[in-house]
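Overview (structure and organization)
Below are the chains, spelled out letter by letter.
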Amino acid sequence: MKVIQIIDAKDHVGEIVKIGAWVANKRSSGKIAFLQLRDGTAYFQGVVVKSEVPEEVFQLAKNLTQETSVWITGEIREDSRSKFGYEIGIQGIEVVGESHEYPITPKEHGTDFLMDHRHLWLRSSKQHAIMQVRNEIIRATYEFFNQNGFIKIDPPILTGSAPEGTTDLFETNYFDQKAYLSQSGQLYMEAAAMAFGKVFSFGPTFRAEKSKTRRHLIEFWMIEPEMAFMHQEESLEVQEQYVAYLVQNVLDNCDYALDVLGRDKELLKKYTQLPFPRISYDDAIELLQKNGFDDITWGEDFGSPHETFIANSFEQPVFILNYPKAIKPFYMKPHPTRDDVVICADMIAPEGYGEIIGGSERATDYDYLLEQIRAHGLDEEEYSWYLDLRKYGSVPHAGFGLGLERTVTWLSGIEHVREAIPFPRLLNRIYP
Ligand code: 4AD
Ligand code: MG
């Protein structure tokens with residue numbers, strides 16, 4: 001007998017097949033039992049009719065408890081009443097592993113309880129849908145960069161440098177030296193761009209930020225492309241094409257997951273239209289001040305209410321250009337005619353999801369960078385390899401970092417970034 005996965009049921013209508021699954025839920029009466037089955041690929045219904053199976057099969061079905069694992073045999077049928085479209089008419093059941101008093105029941109549980117049971121919560125249909133969106137974004141990311149002539153380079157995770165500032169580093173012992181968990185692979189990606197032209201990384205990054213917001217994780221995954229012989233304007237075009245590509249692929253390949261999540265697909269479609277709007281930092285400050293935000297002045301970084309207001313003034317993700325130099329990292333290219341701003345942009349997602357990309361053109365001048373490294377209180381010894389890149393054939397180059405979990409949160413339309421990663425590391429949580 002053929003063993004299949006639920007997702008492939010459509011190709012086996014009328015056939016008797018075998019499926020390994022878990023019983024997510026069950027309803028039964030005297031004559032019929034409905035098992036909600038899941039196997040990791042999808043959910044569908046199994047139907048056991050008392051008059052059509054041996055009595056012991058019906059009794060077994062009636063007594064199955066939530067999350068028992070089973071081998072099911074039966075006939076695949078169309079089921080026009082379910083969104084999935086297919087079901088299995090069960091003929092035989094074999095219990096593989098029993099399950100007693102499964103902690104997550106169909107009733108409402110609080111978030112803390114669910115987070116404590118994250119290892120089990122992942123089995124729920126909502127979490128399943130979110131992880132499918134995540135997987136699609138990962139898949140489409142590799143596809144986009146491979147199709148556009150980038151090569152993947154993996155920067156180290158144990159590092160000696162602090163590209164994004166020294167305040168939120170995780171320090172660890174590296175034999176008799178100090179090391180830090182990477183907060184960004186960017187500096188290494190700049191070296192890689194000088195070796196390979198167009199490169200991207202995709203890996204975990206760590207920020208010991210004492211932020212407890214719906215957008216902050218302690219450990220998150222970042223995609224960091226870096227491009228040689230490229231200025232900021234061209235980098236912005238790559239960024240908008242990349243993000244529109246992610247949205248389009250999620251629409252094309254996660255239709256069912258988006259339905260489970262109740263995501264508005266018409267809204268998502270708007271985010272595939274290029275170009276995305278651009279507004280300067282200066283104009284964004286003015287826009288806020290004109291609209292009653294008296295809590296922000298030129299020179300300050302935006303808080304999430306500010307980002308949300310700016311985003312709501314546009315229909316698509318918006319780039320905020322050229323922030324004050326004083327609030328950005330040391331490596332950004334100085335503005336050609338102003339010394340108070342740098343050539344950079346953050347991409348702000350619509351609907352209040354906040355910053356999903358931070359990027360910039362990089363400073364290319366050796367002396368300028370050395371001065372910035374000193375001004376930021378960084379150890380110039382540790383950055384001498386980075387300065388070498390400006391000594392041996394320095395070229396204009398630009399890059400950016402997209403936060404995977406923020407993007408998953410936005411495209412899934414969920415409330416909090418903690419559900420966008422299988423096992424979130426949060427300010428007060430490293431379990432499970
Ligand atoms: O803006 P950030 O800090 O930029 C960099 O690290 C640059 N070195 C990137 C580059 O130019 N190569 O981080 C980039 C993105 C943010 O826009 C956000 O999406 C995400 O990473 N991010 C976080 N996501 C979840 N939790 C956090 N604590 C995050 N911090 C940043
Ligand atoms: Mg940023």
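Residues numbered from 1 in each chain as written. Chains lettered and ligands numbered in written order. Predicted model: local features only at pLDDT ≥ 70, side-chain atom pairs only at ≥ 80, totals over all residues. Heavy atoms only, no water.

The next point concerns the pattern of salt bridges. Using the criterion set out here, one finds 32 salt bridges in the structure. Salt bridges linked by common partners bring Lys83, Asp255, Asp259 and Lys265 together as one network. (Salt bridge = Lys/Arg side-chain N within 4 Å of Asp/Glu carboxyl O.)

By nearness alone, 23 residues border ligand 1, and Glu164, Gln186, Glu224, Glu355 and Ile356 come closest of all. A distance of 2.6 Å is found between an oxygen atom of ligand 1 and a side-chain nitrogen or oxygen belonging to Glu355. Interatomic distance of 3.3 Å between a backbone N/O atom of Gly403 and an oxygen atom of ligand 1. For ligand 1, whose unbound accessible area comes to 630 Å², protein coverage reaches 94%. It is strand E16 (residues 354-361) that provides the largest number of residues to the shell around ligand 1, a total of five residues. (Near = heavy atom within 4 Å. Polar contact = N/O pair within 3.5 Å; in protein donor to acceptor, adjacent residues only side chain to side chain. Areas by Shrake-Rupley, 256 points an atom, 1.4 Å probe, with all protein chains shown as cover. Helix = DSSP H or I, 4+ residues; strand = E, 2+ residues; numbered from the N terminus.)

Glancing now at the UniProt feature "domain: Aminoacyl-transfer RNA synthetases class-II family profile" (unreviewed entry) in the protein. As recorded in UniProt, the sites labelled "domain: Aminoacyl-transfer RNA synthetases class-II family profile" (unreviewed entry) are residues 133-432. Across residues 133-432 one finds 35% helix and 20% strand; the C-alpha atoms that close the span lie 22 Å apart. (UniProt positions renumbered as here; feature names shortened; annotations may be inferred.)

Here we have three strands laid out as an open sheet, ordered E8-E10-E9, and antiparallel in their pairing. Strand pairing shows two members of the sheet lacking a second neighbour, strand E8 (158-159) and strand E9 (171-174), which therefore form its edges. (Pairing = 2+ DSSP bridges.)

Per the stated rule, a full pass over the model turns up 25 aromatic pairs. A ring pair is formed by Phe144 and Tyr242, whose centres lie 5.4 Å apart and whose planes are at 35°; its orientation type is tilted. Of the two residues, Phe144 sits in helix H4 (residues 125-147) while Tyr242 sits in helix H6 (residues 232-253), which places them 98 residues apart along the sequence. Residue classification places Tyr242 among the buried residues on the basis of a relative accessible area of 0%. With 5.9 Å between their ring centres and 80° between their planes, Phe330 and Tyr386 make a pair best called edge-to-face. With Phe330 in the loop between strand E14 (318-321) and strand E15 (344-349) and Tyr386 in helix H12 (residues 384-388), the pair connects residues that are 56 residues apart, well separated along the chain. Chaining the aromatic ring pairs together yields one cluster made of Tyr142, Phe144, Phe145, Phe150, Phe200, Phe202, Trp221, Tyr242, Tyr245 and Phe400. The residue whose ring lies beneath Lys18 is Trp71, and the NZ or CZ to ring-centre distance is 4.8 Å. The cationic tip of Arg214 hangs over the ring face of Tyr353; the distance from NZ or CZ to the ring centre is 5.8 Å. (Phe/Tyr/Trp six-rings, centres within 6.5 Å; stacked < 30°, edge-to-face > 60°. Buried < 20%, exposed > 50% of the residue type's maximum accessible area, 1.4 Å probe, protein only. Lys NZ or Arg CZ within 6 Å of the ring centre and 35° of its normal.)

A word on a nonpolar patch on the surface. Together, Val3, Trp71 and Val96 make up an exposed nonpolar region whose accessible area comes to about 270 Å². With respect to the helices and strands, the residue Val96 is situated in strand E6 (residues 86-97). Residue Val96 is classed as exposed on the basis of its relative accessible area of 52%. (Patch = residues over 30% accessible without salt bridge, like charges linked within 9 Å, V, L, I, M, F, W, Y side chains within 5 Å.)

With that settled, consider the side chain of Thr68. Within the secondary structure, Thr68 sits in the loop between helix H1 (55-63) and strand E5 (69-78). For Thr68, a relative accessible area of 3% gives the class buried. Once you skip the residues sitting within four places of it in the chain, Thr68 turns out to touch Ala21, Trp22, Val23, Val95, Gly97, Glu98 and Ser99. (Contact = heavy atoms within 4.5 Å.)

For the protein, the assigned domains are domain 1 (2-97) and domain 2 (119-419). The C-alpha-based centres of domain 1 and domain 2 are spaced at 45 Å. On the domain 2 side, the residues contacting the nine residues of domain 1 number eight residues. Summed over both partners, the interface of domain 1 with domain 2 comes to about 650 Å²; 49% of that surface belongs to carbon and sulfur atoms. Taken as a group, Arg38, Tyr43 and Lys83 account for 64% of the area that domain 1 buries against domain 2, more than any other trio of residues on that side. Taken together, the connections running from domain 1 to domain 2 amount to two salt bridges. Residues Glu67 and Arg123 are paired through a salt bridge, measuring 2.8 Å at the closest nitrogen-oxygen approach. Linking domain 1 with domain 2 are six residue pairs in polar contact (both at pLDDT 80 or more). (Domains from an automatic or database assignment. Buried area = accessible area lost by both parts, 1.4 Å probe.)

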